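Chain by chain, the residues:
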Amino acid sequence: MTSSTQEVPGETNPFSWFDQVITPLNACSLETSAPIPVGPEQAPDDDDDDGKTHIDSRLILPLVIGCYQLNEGSSSATETNNNTTLVESEKSDENADDAPVEKSSRSGELRLYMIPSASSESESNNQQKHNDGIPKNNEALSFGDPSCVVKMESGVLDGKWRRRDERLHRTTTIGTTYETMPLYASACASGRIHLHSLENNNPLSWNLSHLTSSEETSSVEETSLCLSLAWNDFIMDGCNDSFSNAVSDRIVSSYSNGTVAIHNISCSDQPGNEEDGRCNVNIEETNRWNAHTMFGCPSEVWTCSFLRGDENVVLSGADDSSLKIWDIRQTQRPSHKIGDSEFEAGVTAITPHPALDHIFAAGSYDENVRIYDHRKMDQPLEKVCVGGGVWRIKWHPSCWGVDGTRGHCGKMLVAAMHGGCRVVNVPTLVGAPSDENMGDAEILSKFTAHESMAYGADWIWFDQSSCEGAASCSFYDRQAFIWNSSNQ
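Residues numbered from 1 in each chain as written. Predicted model: local features only at pLDDT ≥ 70, side-chain atom pairs only at ≥ 80, totals over all residues. Heavy atoms only, no water.

## Quick look at the overall build of the protein
Point 1. When helices and strands are counted, the protein shows three helices and 36 strands.
Point 2. Classification of the 488 residues of the protein by burial places 57% in the buried group.
Point 3. At a minimum sequence separation of 6, the contacts of the protein that also span at least 24 residues come to 63%.
Point 4. For the protein, the exposed area adds up to about 20,700 Å²; of that, 44% sits on carbon and sulfur atoms. (Helix = DSSP H or I, 4+ residues; strand = E, 2+ residues; numbered from the N terminus. Buried < 20%, exposed > 50% of the residue type's maximum accessible area, 1.4 Å probe, protein only. Contact = heavy atoms within 4.5 Å. Areas by Shrake-Rupley, 256 points an atom, 1.4 Å probe, with all protein chains shown as cover.)

## Things to note about the packing of aromatic side chains
Both the distance between ring centres and the angle between the ring planes are used here to describe each pair of aromatic rings.
Point 1. Scanning the entire structure with this criterion turns up 13 aromatic pairs.
Point 2. Measuring from centroid to centroid gives 5.3 Å for Y113 and F143, while their planes differ by 65 degrees, and the two rings are edge-to-face. Placement of Y113 in strand β8 (residues 105-116) and of F143 in the loop between α2 (120-125) and β9 (148-152) is noted, with a sequence separation of 30 residues between them. Of the two residues examined, Y113 and F143, each falls in the buried class.
Point 3. On the numbers, 6.2 Å between centres and 35 degrees between planes, the contact of Y365 with W391 is tilted. Taken as a pair, Y365 in the loop between β27 (359-364) and β28 (368-373) and W391 in the loop between β29 (382-385) and β30 (392-395) lie far apart in primary sequence, 26 residues in all.
Point 4. The structure contains a cluster of three or more aromatic residues connected by ring pairs, namely Y68, W302, Y365, W391, Y455, F475 and Y476.
Point 5. The cationic tip of R288 hangs over the ring face of Y255; the distance from NZ or CZ to the ring centre is 4.2 Å. (Phe/Tyr/Trp six-rings, centres within 6.5 Å; stacked < 30°, edge-to-face > 60°. Lys NZ or Arg CZ within 6 Å of the ring centre and 35° of its normal.)

## Quick notes on the environment of W206
Point 1. Note on placement: W206 falls in strand β15 (residues 205-213).
Point 2. Separated by 94 residues in sequence, W206 and L112 have C-alpha atoms that sit 8.4 Å apart.
Point 3. Contacts of W206, omitting those with residues within four sequence positions, involve I36, V38, I60, L112, M114, S147, C148, L198, E199 and N200.

## Here's the deal with unusual backbone geometry
Point 1. With a phi close to 65 degrees, S321 is a non-glycine residue in the positive phi region.
Point 2. In this fold, S321 is placed in the loop between β23 (310-317) and β24 (323-327).
Point 3. One non-glycine residue, H358, adopts positive backbone phi at about 75 degrees.
Point 4. Among the secondary structure elements, H358 is positioned in the loop between β26 (347-352) and β27.

## Here we look at the sheet that holds strand β14 (residues 193-202)
Point 1. Pairing in this open sheet of four strands is antiparallel, and the strands run β10-β13-β14-β15 from one edge to the other. With partners counted over all chains shown, the strands left at the sheet margins are β10 (156-161) and β15, one partner each. Averaged over all adjacent pairs, the angle separating strand axes in this sheet is 30 degrees, with direction ignored.
Point 2. Across eight bridges, the pairing between β14 and β15 is antiparallel. In the sheet register, S197 faces β15, and the bridge partner there is S209. (Pairing = 2+ DSSP bridges. Axes fitted to C-alpha atoms, helices over the stretch in contact; angles between N-to-C directions.)

## Quick word on the pairing of β10
Point 1. Here β10 lies mainly inside the structure; six of its six residues are buried.
Point 2. Bridge count for β10 against strand β13 (residues 183-188) is five bridges, and the pairing is antiparallel. Paired with D158 across the strands is A187, a residue of β13.

## Observations regarding the sheet that holds β26
Point 1. An order of β26-β27-β28-β29 is seen for the four strands of this open sheet, with the pairing classed as antiparallel. Looking along the sheet, the strands with just one partner apiece sit at the ends: β26 and β29. Strand-to-strand, the axes of this sheet are offset by a mean angle of 20 degrees, without reference to chain direction.
Point 2. Taken together, the four bridges between β28 and β29 define a ladder with antiparallel strand orientation. Following the sheet pairing, V369 is matched in β29 by V384.

## Describing the confidence of the model for the protein
Point 1. On average, the protein scores 79 in pLDDT, and the residues at 70 or more come to 68%.
Point 2. Model confidence for the protein, summarised as mean pLDDT per element, is weakest for strand β5 (residues 41-44) at 41 and strongest for β24 at 98.
Point 3. Below a pLDDT of 50 lies the segment residues 41-48, which in the model reaches 14 contacts outside its immediate sequence neighbourhood of four places, other chains included.
Point 4. Scored below 50 in pLDDT, residues 96-101 shows three contacts in the model against residues more than four places distant or in partner chains. (pLDDT = per-residue confidence, 0-100.)

## Details of the environment of E342
Point 1. Looking at where E342 falls in the secondary structure, it is placed in the loop between β25 (336-338) and β26.
Point 2. Once the C-alpha coordinates of E342 and L323 are considered, the two residues, 19 residues apart in sequence, prove to be 9.7 Å apart.
Point 3. Setting aside anything within four residues of it in sequence, one finds E342 in contact with D366, R370, Y372, P380 and K383.

## A word on the pattern of salt bridges
Point 1. Under the counting rule described, the total for this entry stands at 15 salt bridges.
Point 2. R308 is the salt-bridge partner of D357, the closest N and O atoms lying 2.8 Å from each other. Remark: R308 occurs in the loop between β22 (303-307) and β23 and D357 occurs in the loop between β26 and β27; sequence separation between them is 49 residues.
Point 3. For D357, a relative accessible area of 37% gives the class partly exposed. (Salt bridge = Lys/Arg side-chain N within 4 Å of Asp/Glu carboxyl O.)

## Concerning the environment of A345
Point 1. Within the secondary structure, A345 is located in the loop between β25 and β26.
Point 2. Taking the relative accessible area as the measure of exposure, A345 reaches 18% and is therefore buried.
Point 3. Sequence separation between A345 and G389 is 44 residues; the distance between their C-alpha atoms is 9.3 Å.
Point 4. In this view, A345 contacts S321, S364, Y365 and D366; residues no more than four positions away in its chain are not counted.

Following this line, the structure appears as structure tokens:
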């Protein structure tokens, strides 16, 4: 794990990365959560002669890398390389099933890292920067050793932290209360969803504790992979108790057999654990429907999401080059569809804006990110080419208003597969700060250190005053980086 500033061939400016790790399995997803306070910590300051202890209040940011590896059958003739996409790899494996050879298997794991913010002394040092805007103390942004590694029953294709003000509905004998529990949901190649909670025995020991899993699929659906999932967490605006009572926690998930499903997440008293306050978390599938087909066959549904502003709306995007909008109260047919008249390839990423109702971003293999308003879908509000097939889109964390403010309303981080990563700004979004609300969508910076498909990306951000960074991972070279996301 090292820091580096290197010149990129063909790029005008250098890119920089603060830290790097190599994962044992192929890195498929990378997700960060809201920062967690771990201070104040009291530690003696050796530089002082008075022997007094000094308070050092810090934040740590949970980061999970989800790993997936296809273990080829012994007689498989299919080989993969750094230019093979996950789509091509999966389809070649499906074709290999027809031959009388040893069937392939899929391995997976979750790797938890707790990224520390700078200490008060480091933060002071970080006020001094090089001319390129990179903090002198790059050690403030580092992976460190993994806090824990969770071996999964199958490969992990997607994962999401639950951001909804960290309160989970809990049904008790005296009514409904809220459980404080950071939750992480993972989508696995087995077709199952697994829920883990972030727990710590002390400030230096953190782990992911398994809570529950969705039921195993029937024999007919054994080959159905769970490709993506999303919580309905962004629907809540602030800490509104009445709204929490009205909208329960849900997960929408999408599958390789063309289906989309809704799961309810609930929390109830766990017998025998009344003293420590632990609850029993349950996941229950309540609805599943056939969402996408291509040439009469099921089409892989690469992405799905709820929509801020309407709790009954679900969005899905698939390999059939279409984006569909669904009312989950009536799923016989979509309420709206955008097909190949707009998208030139499969729709692979959908991410609703966490602060603006009805606004969402959609990415495609056609290398474009499009911004839509659900209320007028005739054409995108904005469209920007990012130089690679889009696999993940993450709005800037300040949009969530974690620290009471909302800035960078049009800023997003994009994992663009063979193109690396991009930081994009869309200044024309309604509600953006006045200094951003001008001009067309633009690429602010690029990161191209990955040597294969960049599938996962998320922000490293503690508050408005701290150094902004990003983390990303790539598949076949098994690399993850923390890098400088500021304008290059």
